[in-house]
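Each chain, letter by letter, is given below.
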Amino acid sequence: GGGRPPAYIEGVKSFCGVQLNAPDLRAGAALVIAALAADGISEIDDIEYIQRGYEDFEGKLSALGAIIAKVDSERELQKFKLKIG
């Protein structure tokens, strides 16, 4: 007893992929995790924080079954979309 009350949250049934920016390390990682749960493709820009803070982040998520890729150009992004589409 005497602790703080818990937060009660009612989530949505689903959410869709969007284009996002990673504002910092932890928030950026949280956005990536949320994007993995979303329907469709999410594009996360400004991933420098994530790249510096977590070694081989996309490789580790891929090893867990995530469909994720770091792309350096619009052409690579289109190839990725075709691969998973």
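Here, the structure is the one placed above.
In short, a report on the structure. Remember, predicted model here, so these are calculated numbers, not experimental data.

## Considerations on the nonpolar core
Core analysis: the biggest nonpolar cluster contains nine residues, these being Ala22, Ala29, Val32, Ala35, Ile44, Ile50, Phe57, Leu61 and Ala66. When contributions to this core are tallied by element, the ones reaching two or more residues are α1 (25-37) and α3 (57-63). No other element matches α1, which puts three residues into this core. Excluding anything up to four places from it in sequence, Ala22 contacts Gly28, Leu31, Ile44, Asp45, Asp46, Tyr49 and Ile50.

## What to know about the side chain of Glu58
One can find Glu58 in helix α3. No salt bridge is formed by the buried Glu58. Its closest oppositely charged neighbour is Lys70, at 5.4 Å. Excluding its chain neighbours within four sequence positions, the residues that come into contact with Glu58 are Gln51, Ile68 and Lys70.

Rules and cut-offs
- Residue positions are counted from 1 within each chain, in the order its sequence is given.
- In keeping with the predicted nature of the model, local features appear solely for residues at pLDDT of at least 70, side-chain atom pairs appear and are counted solely at 80 or more, and the whole-chain, interface and lining totals rest on all residues.
- No hydrogens and no water enter the side-chain calculation; it runs on all heavy atoms of the structure.
- In this description, a nonpolar core means a group of buried Ala, Val, Leu, Ile, Met, Phe, Trp, Tyr and Cys residues linked to one another through side-chain atoms lying within 4.5 Å.
- Exposed residues in this analysis have more than 50% of their type's maximum accessible area, buried residues have under 20%, and partly exposed residues fall in between, with area computed by a 1.4 Å probe over protein chains only.
- In DSSP terms, a helix is any run of H or I states spanning at least four residues, a strand is any run of E spanning at least two, and both are numbered starting from the N terminus.
- Here, residues are in contact when the closest pair of their heavy atoms is within 4.5 Å.
- Only four residue types enter the charge count: Lys and Arg as positive, Asp and Glu as negative, with His and the chain ends excluded.
- Salt bridges are identified by distance alone: a Lys or Arg side-chain nitrogen within 4 Å of an Asp or Glu carboxyl oxygen.

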